[in-house]
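# Descriptive structure summary
Chain by chain, the residues:
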Amino acid sequence: MNIRLLAKRNIQGNAQRYLAYFFSIVLSVSIFFIYASFIFHPDVVHADIPGGKLISRGLIAAEIVIIIFSVFFIAYSNAAFIQPRKKEFGLLTLLGMSKSQLRKLIYLEQTMVSLISILIGVGLGFLFSKLFLMSVSSLLAVEQPISFVFVPEAFIYTIVGFVLLFQLLSLLSLFHIGNAEVVDLLKDKQKPKKTPFVSKWLIALSAVCLSVSYYLAGTMSLNNSYIRVMPILFLILIGTYFLFSQSIVALCSRLYRKKKSLYGGTNLITQTNLIFNIKDYSRLFFLTSIITAVILTAAGTLFMFSADLKKQGMNNIPQSIGWVENDASIYSIIEPSAVEKALKEDGFKILYKVNMTGVPITHMLPHMRTGESNENRSLLISESDYNNVAALRKIDPAKLSGKEALYVFPYGGLDYQFVHKGEQKELHFGNGTIQVTMVGQRNQSIVAPIKAATTLMVVDDQLYHEITADVPLKEMARVRGYEVKDWEESMETAAKIEQMSNNHNQLQTRAPIYQEMKQGSILILFIGLFVSLLFFIVQGSMMYLRVFTNLEDKKIQIHALHRLGLTKKEIRQILSAEIRILFFAPFLIGVIHAIVAYVALSNLLESNLFVYSSMVIATYFLFQLLYYQVTKKIYERAVINSIK
């Protein structure tokens, strides 16, 4: 017997405990290798793939996330493996093993597991990289699929990177066990657990932090999101940590004092185990709830944005084809007849046309950040022209009279009020000036927001005619637009119309912008789902490790309870309840965090995302339930099979 053989047999003996950890590391290495294969692919490096550079940047960000997450997971796992084996290490020390030999034993165990995980992970990554490249080729719609080639850089970065990571974390984990005394190692598990202490002040702090963060997220808008994100994240982390370390402990203690509930079935054992273990579970609950919230929020955001993309495109680009003529007396950008001919030749039905004129005006508006007044340009249009197009776009009509005016800002996600109801404003046009009373502001355009028509100022028909009576047509601007059926399929037609135009900057076509955003969002969703899957496996592995950390102690407890008369059915109820709490308590809090994030996202996108968010949460719950069932089955079998 030597240290190398002893390390090998220890790994074999703890194979059940290493299973989830091993699987998680293999998955992390595989995904890292697949992404690296694309980043360093010759076609991507030489920019032979359209959009390849953009995807490469996204994958580099994903690689960084994987490495950071792996650091925390490996460090947590190493601690989880060492903690339950302290008595074993104490006995080895008592039998004559030196501290340096003990460190060497632990180091060899962790090195063997890491090397096997890395090699298998790289092997699987190499096998599945072909499938990944085929999927990306399909999503990018490239003419020639991305070739499957041997990428040496992917092997070097993956193997060297993870080996160094494992070596560093393994060395750091040796110091704690190596400096412990023999008596401390032998008596570590004999230390009696005390009833956890809770602080009312920390419970209050948890409630305040979560309440404030939920309020900030629920009332967040596009113009204040950049200053609210970091405070929300900070408050969520603080509130969640003390929720599990204090509030949940206090709740369990309160339930424990209700003696009547303890005497029903196996509640006495379940609740007693929970009250004395909840303090140990608090850090795990905190980590897994945050991971759950991150997974749900990230996956949900990507899925919702992709699913809601068509609606966003129609809101931000009012017509399928739209342009603005600076001189309303001629068509210098493109002739409407040419547009209609191109649409007809390609078989697209025109649903409605927009043809309105307006007067370019200037007026003063506050700057969004500084609040200082600045000169801004808008297109002055009549109430009837606005209402005609608004009716086609199913927008509420404007109701104006006298010298009233409505300001129209094109971007719905921004709720900044540039004008206020009742505000007096001077409008300057040519050599004339008129004062109007603002009835408010709408953040939804009805025509293509280009140049002079980016923002609109709507006035009563009579006032409009008075203003424009002496304005020649060549000093006015004309807005044209066509909405077509099945506009998503009009990519080629849109390209043809753009080629016919004399100024691309004053012509807007919806289909190319939508298809580009759709392609990008699908790729991001595709990449994000891989990372989300990794996060899910890792957080499940952390719970799996926690369950099997105290397996030997649990076997002793269950064996004693069985001798006192507990049936195997009752033992299964106890084990199921403990694992159920471990899996679903943090899941519930993570879901609540994610729902608040979905509300904020709904406000930003101005869409009802209830259906999408429900689908994401339901899918995640099914995966969580499956993981719970597998873990419970393995754990119950390990414990119950030990009963003689």
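Nothing here was measured: the structure is a model prediction, and the numbers come from that model. Per chain, residue numbering runs from 1 following the sequence as it is written. For this predicted model, a pLDDT threshold of at least 70 governs which residues receive local features, and a threshold of 80 or more governs which side-chain atom pairs are given and counted, while totals over whole chains, interfaces and linings are taken from all residues. The side-chain numbers reported here are obtained from all heavy atoms of the structure, hydrogens and water having been left aside.

## Here's the deal with the overall build of the chain
Filter applied, for reference: Only runs of H or I of at least four residues qualify as helices and only runs of E of at least two qualify as strands under DSSP, and these elements are numbered from the N terminus. Each residue is placed in one exposure class: buried if its accessible area under a 1.4 Å probe, protein chains only, is under 20% of its type's maximum, exposed if it is over 50%, and partly exposed if it falls in between. Here the Shrake-Rupley method, with its probe set to 1.4 Å, supplies the accessible areas, and only the displayed protein chains count as covering residues.
Within the chain, the regular secondary structure consists of 21 helices and 9 strands. Counting over 644 residues, the chain shows a buried share of 50%. In the form shown here, the chain has an accessible surface area of approximately 31900 Å², with 62% of it arising from carbon and sulfur atoms.

## What about the packing of aromatic side chains?
Quick note on the threshold: By convention, a stacked pair of Phe, Tyr or Trp rings (six-membered ring in the case of Trp) has centres within 6.5 Å and planes under 30 degrees apart, an edge-to-face pair has planes over 60 apart, and any other such pair is tilted.
Scanning the model with the defined rule gives 27 aromatic pairs in all. Ring geometry for Phe-583 versus Tyr-627: centroids 6.2 Å apart, planes at 45°, classification tilted. In this pair, Phe-583 is assigned in helix α20 (residues 568-605) and Tyr-627 in helix α21 (residues 610-640), connecting sequence segments 44 residues apart. As far as the burial class goes, Phe-583 and Tyr-627 line up, both buried.

## So, helix α13 (residues 309-316)
Condition: Arc definition: it is the arc formed by the directions from the helix axis to the C-beta atoms.
Within α13, burial applies to Leu-309, Gln-312 and Gly-313. The buried residues of α13 occupy an angular sector of 100° when the element is viewed end-on, so they sit on one face.

## Quick notes on the pairing of strand β5 (residues 424-429)
Moving residue by residue along a regular strand, the side chains alternate between the two faces of the sheet. What counts is decided by this rule: If DSSP finds at least two bridges between two strands, the strands pair.
Residues Lys-425, Leu-427 and Phe-429 line the buried face of β5, whereas the alternating positions Gln-424, Glu-426 and His-428 sit on a face that is not buried. Two strands pair when backbone bridges link them, and β5 and strand β6 (residues 432-442) are joined in this way by 6 bridges, in the antiparallel orientation. Counterpart to Glu-426 in the pairing with β6 is Gln-435. Joining the antiparallel neighbours β5 and β6 is a turn of 2 residues, in which Gly-430 adopts a positive phi near 55°.

## So, the nonpolar core
Note the threshold: Residues grouped as a nonpolar core are buried Ala, Val, Leu, Ile, Met, Phe, Trp, Tyr and Cys residues, joined through side-chain atoms within 4.5 Å.
Judged by nonpolar contacts, the single largest core of 109 residues is most densely connected at Tyr-21, Tyr-35, Phe-38, Leu-296, Phe-548 and Tyr-635. With 16 residues, the single largest contributor to this core is α20.

## Looking at the environment of Leu-296
Our working definition: Working rule for contacts: check all heavy atoms of both residues, and any pair within 4.5 Å makes them a contact.
Structurally, the position occupied by Leu-296 is in helix α12 (residues 267-307). Considering only alpha carbons, one finds Leu-296 and Ala-597, 301 residues apart in sequence, at a separation of 9.3 Å. Apart from the residues within four sequence positions on either side, Leu-296 is in contact with Thr-301, Gly-590, Val-591, Ala-594, Tyr-598, Val-616, Ile-617 and Tyr-620.

## Thoughts on the packing of helix α17 (residues 491-500) against helix α18 (residues 510-549)
Convention followed: In this analysis an axis means a line fitted to C-alpha atoms, helices contributing only their contacting stretch, and an angle means the value between N-to-C directions, from 0 to 180 degrees. An angle below 35 degrees is read as roughly parallel, one above 145 as roughly antiparallel, one from 65 to 115 as roughly perpendicular, and any other as oblique. In a left-handed crossing the near helix is turned counterclockwise from the far helix by less than a right angle, and in a right-handed crossing that turn is clockwise. Under this grouping Gly is polar, as are all residues other than the nonpolar Ala, Val, Leu, Ile, Met, Phe, Trp, Tyr, Cys and Pro and the charged Asp, Glu, Lys and Arg.
Where α17 meets α18, the closest approach of the two axes is 8 Å, and the angle between their N-to-C directions is 130°. It follows from the interaxial angle that α17 and α18 lie oblique. Read as a crossing pair, α17 and α18 show a hand that is left-handed. Packed against α17, whose contacting residues are Met-491, Ala-494 and Glu-498, the element α18 presents Ala-511, Pro-512 and Gln-515 at the interface. The class makeup of the residues in the contact of α17 with α18 is 4 nonpolar, 1 polar and 1 charged.

## Considering the pattern of salt bridges
Note the following rule: What counts as a salt bridge is simple: a side-chain nitrogen of Lys or Arg found within 4 Å of a carboxyl oxygen of Asp or Glu.
Taken as a whole, this structure holds 4 salt bridges when the rule is applied. One salt bridge in this structure joins Glu-340 and Lys-353, with 3.3 Å as the shortest N-O distance. Of this pair, Glu-340 sits in helix α14 (residues 336-345) while Lys-353 sits in strand β2 (residues 350-366), placing them 13 residues apart in sequence. Judged by its relative accessible area of 26%, Glu-340 falls in the partly exposed class. Overall, Lys-353 belongs to the partly exposed group, its relative accessible area being 45%. Taking the shortest distance from any N to any O, the salt bridge between Lys-425 and Glu-423 comes out at 3.4 Å. Using a relative accessible area of 24% as the deciding quantity, one classes Glu-423 as partly exposed.

## Section: a positive patch on the surface
This is how the line gets drawn: Patch definition: residues above 30% relative accessible area lacking any salt bridge, with like charges linked at up to 9 Å and the nonpolar side chains Val, Leu, Ile, Met, Phe, Trp and Tyr linked at up to 5 Å. Here the positive residues are Lys and Arg and the negative ones are Asp and Glu; neither His nor the chain ends is included. A charge is said to be at NZ when it belongs to Lys, at CZ for Arg, at CG for Asp and at CD for Glu.
Where like charges cluster on the molecular surface, the positive patch consists of Lys-568, Arg-572, Lys-633 and Arg-637. Along the chain, Lys-568 turns up in helix α20. With relative accessibility at 40%, the residue Lys-568 sits in the partly exposed group.

## Quick word on the side chain of Thr-292
Positionally, Thr-292 belongs in helix α12. The class for Thr-292 is buried, based on a relative accessible area of 0%. For Thr-292, the contacting residues outside a window of four places in its chain are Gln-539, Phe-587, Gly-590 and Tyr-620.

## Side note on the confidence of the model for the chain
Predicted coordinates in regions of low pLDDT should not be interpreted in detail. Operational definition: A score between 0 and 100, pLDDT records how confident the predictor is in each residue.
Model confidence for the chain is summarised by a mean pLDDT of 81, while 88% of its residues fall at 70 or above. Least confident of the elements in the chain is helix α8 (residues 182-187), whose mean pLDDT is 53; most confident is strand β7 (residues 456-459), at 94.

## Considering the packing of α18 against α21
Where α18 meets α21, the axes come as close as 11 Å, and the angle between the chain directions of the two elements is 25°. Accordingly, the angle class assigned to the pair α18 and α21 is roughly parallel. Two packed elements cross with a definite hand, and for α18 against α21 that hand is right-handed. Taking contact as the criterion, the partners of Phe-536, Ile-537, Gln-539, Gly-540, Ser-541, Met-543, Tyr-544, Val-547 and Phe-548 in α18 are, on α21, Tyr-620, Phe-623, Gln-624, Tyr-627, Thr-631, Ile-634, Tyr-635 and Ala-638. Residues belonging to the contact of α18 with α21 are distributed by class as follows: 12 nonpolar, 5 polar and no charged.

## Notes on the pairing of β7
Burial of the side chains of β7 extends over both faces: Leu-456 and Val-458 are buried on one face and Met-457 and Val-459 on the other. With 4 bridges joining them, strand β3 (residues 373-382) and β7 adopt parallel strand pairing. Looking at β7, one finds that Ser-382 is bridged to Val-459.

## Observations concerning helix α15 (residues 383-392)
Residues of α15 that are buried: Glu-383, Tyr-386, Asn-387, Val-389 and Ala-390. The inward-facing, buried residues of α15 contact β2, β3, β4 (404-408), β6, β7 and α16 (461-468). Just downstream of α15, Lys-394 is the residue with a positive phi angle, here 60°.

## Side note on unusual backbone geometry
With a phi angle near 60°, Lys-394 is a residue other than glycine that sits in the positive phi range. One non-glycine residue, Lys-451, adopts positive backbone phi at about 45°. Secondary-structure assignment places Lys-451 in the loop between β6 and β7. On the basis of relative accessibility, which here comes to 52%, the residue Lys-451 falls in the exposed class.

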